[in-house]
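Residue strings, one per chain:
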Amino acid sequence: MSRRTGRTGRAAPARETPRPTVSVCRGCCCGTSKVPDVDHAGQLVALRRALDGVATVRAVECLDACEQANVVVVQPSAEGRRSGGRPVWLGLVNDPDALADIVGWAAAGGPGLADPPEILGLYTFRPSRRVQRELDQD
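Keep in mind that what you see is a predicted model, and the values were worked out from it rather than measured. (Residues numbered from 1 in each chain as written. Predicted model: local features only at pLDDT ≥ 70, side-chain atom pairs only at ≥ 80, totals over all residues. Heavy atoms only, no water.)

(A) Here's a closer look at the sheet that holds strand E4 (residues 88-90). Here five strands make up an open sheet; going across it, the order is E2-E1-E3-E4-E5 and the pairing mixed. Since the sheet does not close on itself, it has two edges, and those belong to strand E2 (56-60) and strand E5 (124-125), each with one partner. One ladder, built from five bridges, connects strand E1 (residues 21-25) with E2; its direction is parallel. Pairing of serine 23 across the sheet is with arginine 58, part of E2. Of the strands in this sheet, E1, strand E3 (72-75) and E4 touch helix H3 (residues 96-107), which is tilted by about 10° from E3. (Pairing = 2+ DSSP bridges. Helix = DSSP H or I, 4+ residues; strand = E, 2+ residues; numbered from the N terminus. Contact = heavy atoms within 4.5 Å. Axes fitted to C-alpha atoms, helices over the stretch in contact; angles between N-to-C directions.)

(B) Spatial organisation of unusual backbone geometry. Asparagine 70 follows alanine 69 through a cis peptide bond whose omega is 0°. In this structure, aspartate 37 is a non-glycine residue whose phi angle is positive, near 65°. For aspartate 37, the location among the structural elements is in the loop between E1 and helix H1 (40-50). What makes aspartate 37 exposed here is its relative accessible area of 82%. The phi dihedral of leucine 92 is positive, around 60°, even though this residue is not glycine. By the secondary structure assignment, leucine 92 is in the loop between E4 and H3. Here leucine 92 falls in the partly exposed class, since its relative accessible area comes to 45%. (Buried < 20%, exposed > 50% of the residue type's maximum accessible area, 1.4 Å probe, protein only.)

(C) Molecular detail of the nonpolar core. Counting 21 residues, the largest nonpolar core has Val22, Leu47, Leu51, Val57, Leu90, Val93 and Ile102 as its most contacted members. Broken down by secondary-structure element, the contributors of at least two residues to this core are E1, H1, E3, E4 and H3. In terms of residue count, H3 provides more of this core than any other element does, six residues in total. Setting aside residues up to four positions removed in sequence, leucine 47 forms contacts with Val22, Val24, Val57, Leu99 and Val103. Core analysis: the next-biggest nonpolar cluster, separate from the first, contains 14 residues, Val60, Ala65, Ala69 and Trp89 among them. (Core = buried A, V, L, I, M, F, W, Y, C linked by side-chain atoms within 4.5 Å.)

(D) Just the confidence of the model for the chain, in detail. Chain-level pLDDT for the chain is 87 on average; 85% of the residues reach the 70-or-more range. This model gives residues 1-8 a pLDDT under 50, and the stretch forms nine contacts once residues within four places in sequence are excluded. (pLDDT = per-residue confidence, 0-100.)

(E) Region of the structure containing H1. For H1, the full list of buried residues reads His40, Gln43, Leu44 and Leu47. Each buried residue of H1 lies within a common arc of 95° when the element is viewed along its axis, so the set occupies one face. With respect to the buried face of H1, the exposed residues turned more than 90 degrees away are Ala41 and Arg49. The inward-facing, buried residues of H1 contact E1, E2 and H3. (Arc of directions from axis to C-beta.)

(F) How the structure looks around the state of the cysteines. This structure, assessed with the given rule, holds zero disulfides. No disulfide involves cysteine 28; its sulfur sits 3.3 Å from the nearest other cysteine sulfur, which is in cysteine 66. Its relative accessible area of 40% is what places cysteine 28 among the partly exposed residues. Accessibility expressed as a relative area gives 26% for cysteine 66, which makes it partly exposed. (Disulfide = S-S within 2.5 Å.)

Here is the structure:
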């Protein structure tokens, strides 16, 4: 993808993400009746409402980590990435308390800028390198 140049002939600066991104899997298993007793639509609405103006929340297709459904990935802002933050994959996010912890962490700045609540360590997992690469390309 090329960048436009202005009158000065210099390339326009790359767009930076000023806030963290919370990607919520809504593919073949996450967000479906395969994970019972979870209000999947309500979960996404609650995240969007709680993080409005603080983080970008997006629903994404299958992240290919179905055994961890529901999957949420918290990606750092540009500043967070410069500070060493990397995407954090969270699995089995099926209760409101986990969602509240994710909201609090993202609102505080997310990866690279704020430490996650310790309890989120129980939800953290590492996906395959192929899956990680695909998310980083979005």
